[in-house]
Amino acid sequence: MRLTTLMRRQWGFPRWMVLAVMGGLPLIAAVYANSLHGAFQYDDRHTIVENQLLQSMNVRETIGPAWWGRQAPAIDGGHYRPFTFATYAWNFAVGGLDPFGYHVVNVVLHWAATAALMALMWIVLPHPVPVIIGGAVFAVNPANSEAVNYIAARPSVLASGWFALAIAGFALFRRFQAERRVGAALAAAGLAVLGLLLGLSSKEIAVTIPLLWVCYDVGWSRKAGPWRILQPYAAGLILLIGYLAWTGYDAAIWAVFTGPQQPGMRSLGANVWTQISLLPAYLALFIWPFNLSVFYDVAGVASPWHVSVLVGAALGVVMVGFGFRWLTQEENPASASRDRERRAAGFFLLWFLAALLPTILYPLHAVFQEHRVYLPGMGLAALAGIGVWRGVSAAAEGSLVRRAALIGVVLVLGVFAAATVVRNGVWSDEVALWSDAAVKAPNNAIPRINLGSGYAHRGDAERAIAAYVVLRSWRVCPGAPGVGSGGGAGFARHGGPRHAGAGVRRPRRARTGRRGVREGRSRRG
């Protein structure tokens, strides 16, 4: 039996859906073709290049401890991400430390995540136009270029793909459960659980999968009995408790809420206020992704009454309000199609906020990063597909408005694709990447430090020293990642003891922003 026939009979996917998903691969490959020869960047060095566990020629021995060993939570740089680590081990076994293979895998994983999103969109809103447009927006959006180009950001791509698959499996489970198709329901439930487990083993953001299961039930399963509703959540709760206990994340989370803060880390309150203030920035990053940077000079916020926090909170409240209003609206037989679109839009609007919850609640080293919008961007891309379809369907068949809307969509996708290709070029090597960041954040030391390291890795001692020397006259944050030790190491390696001494000399004064101390990044969350 052909794949398209099997999927149509068992899962409801038509032939065009399979063709659309397969057609996304050459589209993504074309957009990211110039990224395949990019270099290892920043955290790629300690995650891959300098990671001794990847040097083993026996892949089984390499990845086994990452899954089951006593030190499993600490093997991947303090994270428990064994599935991600297994993909790195496979890359190393096949191609060693040639970055080409790692970039190929990242591009393929981006396509797989796009396919999972399109499958989920078809399940909740079975119409080709929103599915294709939403998938295309997500596939070529420049906001996703960091997650695809940056090999150390692979966890975000992997977890997002499993995230969408876990929600799709749950939606199918509920559908087959209502139809009393026991075998199909069990298979779909297995898909949902598999997505949850592999998502958690890829990155911690998958912990919010059950929250999206709840949102789905609020929109589509309210009329089912309480026992039928609660069944999958019991299994999900057991899995999450086991995951937190095995990884040791339960202690880390407890420490965030009750324990003393680590030196240099934001408090829980400061992190919550800061991240709420950044909600408009996360939204804008996906909608207008044309001033991207590997580093954002973002100020922390210490007060809930700061204007930026109030604006972000108001935006969040509006999004939650519209999301639940659309999600819970009863279908009117006279406008069933429009009500289905609205319900799906409400679901994906809530997706955006739910996917950001881990970043809002858990303080990470860097305040704001592009690859964190990858998973929330799935919800925004689906929302864009639904919105375009709603606007096009409201216009008369063959009308000028409909034609203009379709042409506009094609133009926007073309601009997004071109911007992604340009951004890929910036990620080609460390010097290009951090030169760009130094221009966009001229008053922060972090880009300049990493630019100096890029020159040092290239073997250009003169420019490395010049980049570090600039720091001596700057007013930078004391304790900013890399200030002192990073500069000193670069000077010692390429400039001799005299320059090394200059590199480790701490600048005299600290620069603060209006909303608090500005923070850089050390490791990327």
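What you see is a predicted model, and the numbers here were worked out from it, not measured in a lab.

Student: Tell me about the pattern of salt bridges, and please be specific about residues and values.
Tutor: One pass over the structure, following the stated rule, counts nine salt bridges. E179 serves as the salt-bridge partner of R181, at 3.2 Å between the closest nitrogen and oxygen. A relative accessible area of 43% means that E179 is categorised as partly exposed. With its nearest N and O atoms 3.1 Å apart, the salt bridge here joins D436 to R423. Within this pair, whereas D436 is found in helix 21 (residues 430–440), its partner R423 is found in helix 20 (residues 400–426), the two being separated by 13 residues in sequence.

Student: Report on the packing of helix 19 (residues 374–394) against helix 20, specifying residues and quantitative values.
Tutor: Packing of helix 19 against helix 20 leaves a shortest axis separation of 8 Å and a crossing angle of 155°. With respect to helix 20, the axis of helix 19 lies roughly antiparallel. Crossing angle aside, the handedness with which helix 19 passes helix 20 is left-handed. On the side of helix 19, the interface is formed by V388, V392 and S393, while helix 20 contributes R402, A405, L406 and V409. When the residues that make up the contact of helix 19 with helix 20 are grouped by side-chain class, the tally is five nonpolar, one polar and one charged.

Student: A description of the environment of C215 should follow, citing residues and the corresponding values.
Tutor: Looking at the element boundaries, C215 is found in helix 12 (residues 209–220). With near-sequence residues (within four places) excluded, C215 lies in contact with L327, F347 and L350.

Student: For the nonpolar core, give the residues involved together with the corresponding values.
Tutor: Core analysis: the largest hydrophobic core is formed by 110 residues, its most contacted members being I167, F347, F348 and W351. Residue contributions to this core peak at 15 residues, all from helix 7 (residues 99–124). Here F347 is in contact with I167, L212, C215, Y216, W220 and L327, once residues within four sequence places are set aside. Within the second largest apolar cluster, 18 residues are counted, among which are A152, W427, V431 and I446.

Student: Could you give an account of helix 21, naming the residues involved and the relevant values?
Tutor: All buried positions along helix 21 are accounted for by E430, V431, L433, W434, D436, A437 and A438. As for helix 21, its buried residues are in contact with helix 3 (44–49), helix 20 and helix 22 (445–458). Where helix 21 begins, the side chain of D429 points an oxygen toward the backbone nitrogen of V431, at a separation of 3.0 Å.

Student: Outline the packing of aromatic side chains, supporting the account with residue identities and numerical values.
Tutor: Enumeration over the complete set of coordinates arrives at 23 aromatic pairs. Taking the centre distance of 6.3 Å and the plane angle of 45° together, the rings of F170 and F173 count as tilted. Of this pair, F170 and F173 both sit in helix 10 (residues 154–178), three residues apart, which is roughly one turn of the helix. Of the two residues examined, F170 and F173, each falls in the buried class. Between F170 and Y233 the ring centres are 6.1 Å apart and the planes differ by 50°, which places this aromatic pair in the tilted class. One end of the pair, F170, is in helix 10; the other, Y233, is in helix 13 (residues 226–247), and 63 residues separate them in sequence. One aromatic cluster is present, built from ring pairs that chain together F163, F170, F173, W213, Y216, W220, Y233, F347, F348 and W351.

Student: Lay out helix 16 (residues 279–287) with the relevant residues and their values.
Tutor: Among the residues of helix 16, L279, Y282, L283, L285 and F286 are the ones counted as buried. Buried residues along helix 16 cover an arc of 155° about the axis, so they all sit on one side.

Student: Break down unusual backbone geometry for me, with residues and values.
Tutor: Although it is not a glycine, Y42 sits at a positive phi angle of roughly 45°. The residue Y42 is located in the loop between helix 2 (15–31) and helix 3 in this model. Positive phi outside glycine occurs at R180, with the angle close to 60°. Within the fold, R180 resides in the loop between helix 10 and helix 11 (182–200).

Student: Talk me through the confidence of the model for the protein; I want residue IDs and the actual numbers.
Tutor: For the protein, per-residue confidence averages 82 on the pLDDT scale, and residues scoring 70 or more make up 82% of the total. Scored below 50 in pLDDT, residues 475–523 makes 100 contacts in the model with residues more than four places away or belonging to other chains.

Student: Break down the side chain of Q275 for me, citing the residues and quoting the values.
Tutor: Within the secondary structure layout, Q275 lies in helix 15 (residues 268–277). You can call Q275 buried: its relative accessible area is 1%. Sequence-distant contacts of Q275, that is, excluding residues within four places in its chain, are made with Y282, T359, I360, V367 and R372.

Student: Just give me the short version of the environment of N291, but keep the residues and values in it.
Tutor: For N291, the location among the structural elements is in the loop between helix 16 and strand 1 (298–299). The exposure class assigned to N291 is exposed, which follows from its relative accessible area of 53%. Distance from N291 to P142, taken between C-alpha atoms, is 9.8 Å for residues 149 residues apart in sequence. The residues contacting N291, other than those within four sequence positions of it, are Y296 and K440.

Student: Give a description of empty space enclosed by the protein that names residues and reports values.
Tutor: Taken as a whole, this structure holds three cavities of 30 Å³ or more when the rule is applied. Here the second largest cavity is characterised by a volume of approximately 70 Å³. S156, K203, I205, A355, L356, T359, H371, R372, Y374, L375 and P376 are the residues that line the second largest cavity. Elements represented by at least two residues in the lining of the second largest cavity include exactly helix 18 (336–361) and helix 19. Residues that form the lining of the second largest cavity fall into these classes: six nonpolar, three polar and two charged.

Student: Quick one: what's the story with the packing of helix 7 against helix 8 (residues 128–140), residue by residue and with numbers?
Tutor: As a packed pair, helix 7 and helix 8 sit with axes 9 Å apart at the nearest point and diverge in direction by 155°. The angle between helix 7 and helix 8 falls in the class roughly antiparallel. Helix 8 is crossed by helix 7, and the crossing has right-handed handedness. Facing helix 7, whose interface residues are H110, T114, L117, M118, M121 and W122, helix 8 presents P128, P130, V131, I132, G134, G135, F138 and A139.

Cut-offs applied
Residues numbered from 1 in each chain as written. Predicted model: local features only at pLDDT ≥ 70, side-chain atom pairs only at ≥ 80, totals over all residues. Heavy atoms only, no water. Salt bridge = Lys/Arg side-chain N within 4 Å of Asp/Glu carboxyl O. Buried < 20%, exposed > 50% of the residue type's maximum accessible area, 1.4 Å probe, protein only. Helix = DSSP H or I, 4+ residues; strand = E, 2+ residues; numbered from the N terminus. Axes fitted to C-alpha atoms, helices over the stretch in contact; angles between N-to-C directions. Parallel < 35°, antiparallel > 145°, perpendicular 65-115°, else oblique. Left-handed = near helix turned anticlockwise from the far one by under 90°. Contact = heavy atoms within 4.5 Å. Nonpolar A, V, L, I, M, F, W, Y, C, P; charged D, E, K, R; others polar. Core = buried A, V, L, I, M, F, W, Y, C linked by side-chain atoms within 4.5 Å. Polar contact = N/O pair within 3.5 Å; in protein donor to acceptor, adjacent residues only side chain to side chain. Phe/Tyr/Trp six-rings, centres within 6.5 Å; stacked < 30°, edge-to-face > 60°. Arc of directions from axis to C-beta. pLDDT = per-residue confidence, 0-100. 1 Å grid on protein atoms, 1.4 Å probe; cavity = no way out; pocket = protein on both sides within 12 Å on 5 of 7 lines; lining within 4 Å. Points joined across faces, edges and corners; volume = space filled by probe spheres on them.

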